[in-house]
Each structure stands twice: as structure tokens, then as C-alpha cells.
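Chains, contacts and geometry: an overview
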Amino acid sequence: MTERRIVYIVDDEDSIRRSTSFMLKTSGYRVATFASGASFLKEVRHLEPGCVLLDIRMPDIDGLQVQEAMIKRGVAMPIVFLTAHGDVATAVKVMKRGAVELIEKPFEKEIVLAALEQAFQRLGEQRLRDLRTQEARLLVAGLSTRERQVLCGLVQGLANKAIGLELGISPRTVEVHRANLMVKFGVHTLSEALRIAFAAGLDLSEN
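1. Examining the overall build of the chain
A tally of regular secondary structure across the chain gives 9 helices and 5 strands. Starting at the N terminus, the α and β elements of the chain follow one another as β-α-β-α-β-α-β-α-β-α-α-α-α-α. Scaling as 2.2 N^0.38, a compact globule of 207 residues should have a C-alpha radius of gyration of about 17 Å, whereas the chain reaches 23 Å, well beyond that. For the chain, contacts bridging at least 24 residues in sequence account for 63% of all contacts bridging at least 6. A total of about 11,400 Å² of accessible surface is found on the chain, and carbon and sulfur atoms cover 53% of it.

Put into C-alpha cells, the structure is as follows:
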């Protein structure tokens, strides 16, 4: 279903933008192009999720700086780097930061399309994780204060008695809150409840 996928091409060379855009459009992708890293970063927060074909060597703001800025801003769009000057040190650096691939110019169509398939697969996995996180946070937000405190204790691996001592309530009361939170979560086992807590990024400092 590539017709709904969008690729952002960020390259200062007009010929590269035009030829790559044509190649991707004829392969079923939607395309938006940017002539500089600065123009892309200016718009990136308002763009729909997609993948980025990013040139490394550009004036003013290069591809490495664009990648760093995206990381700092929490923009999780996968990046496929393009470069006419590939070297091992640069490849290692961008891959460590999470790039999908680094492709040397001139590139073959099949190589770019294969890299984009990997990128969109990663984007889909990220969306699924984000959805699970959002759902988990909503479930945790629906707990009472006491239920959340009991859940924090469970996440820390504490038994009902230990949680009760920490909160100043009886183990039986802990058990009641534990049962209530599991009903609200719609789960039947402790492991399922913990999975939701971990997905929500429950702050263990809260009690």
C-alpha cells in the first residue's frame, strides 16, 4: 500500500530532487522535496509521518545536523542517507544514531526502494509502539491514586505485604486495589498488568 506513503527528499541539488522525485512517484510513493536542511526542519513538526531521503553534504545545515536536530525534537521519522562522499566514519555515526541506510550516489533504483521498504517497516513498528503507549497511559490515568500506588509497588516487585507497609494499609486492602486495577485494565494476570505499566512508562518515583 505504497500510495499512502510519503517520502521527504532533502537535497540541495535540484537535479537529484527532480530525478529522485520522479523515480519515487512512478514507484507509487507521494513525495515532498526540500532544497535545504533548514527548510525541512522549519516544517518537520507539521509534516505527516513519512520517511526521509537526506543528503549528507549540504550548505549551512548538513544531513548530520538535520538528523541530530530531529533526534532532539523527538521526530521519529526514519532516515535513509544519500551521499556522494561516503566514508566509514560517517556511516558508523549515522547508523549509530538510528539511520536505516547510507546509500552512495549515483544510486540504483532498487537499492533506494529496498531501503525505503525497511524505513517504512520501521515507521509502522514505531506507530504501533506509540499506539500501545498511548493506550497504556490512558489506562493508567484511569486508576485511582491508591490503585496507581499499588501498581507502582507491583512494578518494583513488592509483595502485597510490603506494599501495604509502605502505604500504611493492610495486605487485604492492597489485594482489593490490585484486583480493581486489573479489572480496569481488562487483564487477568499480573504479567499483563505489568506489561501495561511498563508500556505507559510508569514513574516509579510516584507513590
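2. As for helix α9 (residues 190-199)
Every buried residue belonging to α9 is among Ala 193, Leu 194, Ile 196 and Ala 197, and all of these are buried. Along the long axis of α9, the arc covered by the buried residues comes to 160°, so they all point the same way. Residues of α9 that are exposed and point more than 90 degrees away from the buried face comprise Arg 195 and Phe 198. In this fold, the buried residues of α9 make contact with α5 (109-141), α6 (145-155) and α8 (171-185). One or two residues past the end of α9 sits Gly 201, with phi positive at roughly 65°.

3. Examining the packing of α6 against α8
The N-to-C vectors of α6 and α8 enclose an angle of 95°; their axes lie 9 Å apart at closest approach. It follows from the interaxial angle that α6 and α8 lie roughly perpendicular. Listed contacts from α8 to Arg 146, Glu 147, Val 150, Leu 151 and Leu 154 of α6 are Val 174, His 177, Arg 178, Asn 180, Leu 181, Lys 184 and Phe 185. Each residue belonging to the contact of α6 with α8 can be placed in one class, and the counts come to 6 nonpolar, 2 polar and 4 charged.

4. Concerning the packing of helix α7 (residues 160-167) against α8
Two elements in contact, α7 and α8, have axes separated by 8 Å at closest approach and are oriented at 105°. On the basis of the axis angle, α7 is roughly perpendicular to α8. Residues Asn 160, Lys 161, Ile 163 and Gly 164 of α7 touch α8, and the partners they reach there are Pro 171, Val 174, Glu 175 and Arg 178. For the contact of α7 with α8, the residue count by class is 3 nonpolar, 2 polar and 3 charged.

5. Some details on the environment of Thr 26
With respect to the secondary-structure elements, Thr 26 resides in the loop between α1 (14-25) and β2 (30-34). With a relative accessible area of 52%, Thr 26 lands in the exposed category. Once the C-alpha coordinates of Thr 26 and Asp 60 are considered, the two residues, 34 residues apart in sequence, prove to be 31 Å apart. A polar atom in the side chain of Thr 26 sits 2.9 Å from the backbone oxygen of Met 23.

6. Remarks on the sheet that holds strand β1 (residues 6-10)
Across the sheet, which stays open at both edges, the 5 strands sit in the order β2-β1-β3-β4-β5 with parallel pairing between neighbours. Taken across any chain shown, the strands that pair with only one partner, and hence form the sheet edges, are β2 and β5 (101-104). For this sheet, the mean inter-axis angle between neighbouring strands, taken without regard to orientation, is 20°. With respect to the sheet, α1 is in contact with β1, β2 and β3 (51-55), its orientation differing from that of β2 by roughly 170°. Along the sheet, α5 makes contact with β1, β3, β4 (79-83) and β5, crossing β3 at roughly 135°.

About the thresholds
Residues numbered from 1 in each chain as written. Predicted model: local features only at pLDDT ≥ 70, side-chain atom pairs only at ≥ 80, totals over all residues. Heavy atoms only, no water. Helix = DSSP H or I, 4+ residues; strand = E, 2+ residues; numbered from the N terminus. Rg over C-alpha atoms; globule rule 2.2 N^0.38 Å. Contact = heavy atoms within 4.5 Å. Areas by Shrake-Rupley, 256 points an atom, 1.4 Å probe, with all protein chains shown as cover. Buried < 20%, exposed > 50% of the residue type's maximum accessible area, 1.4 Å probe, protein only. Arc of directions from axis to C-beta. Axes fitted to C-alpha atoms, helices over the stretch in contact; angles between N-to-C directions. Parallel < 35°, antiparallel > 145°, perpendicular 65-115°, else oblique. Nonpolar A, V, L, I, M, F, W, Y, C, P; charged D, E, K, R; others polar. Polar contact = N/O pair within 3.5 Å; in protein donor to acceptor, adjacent residues only side chain to side chain. Pairing = 2+ DSSP bridges.

Fair warning: the whole summary comes from geometry, so function is off the table for now.
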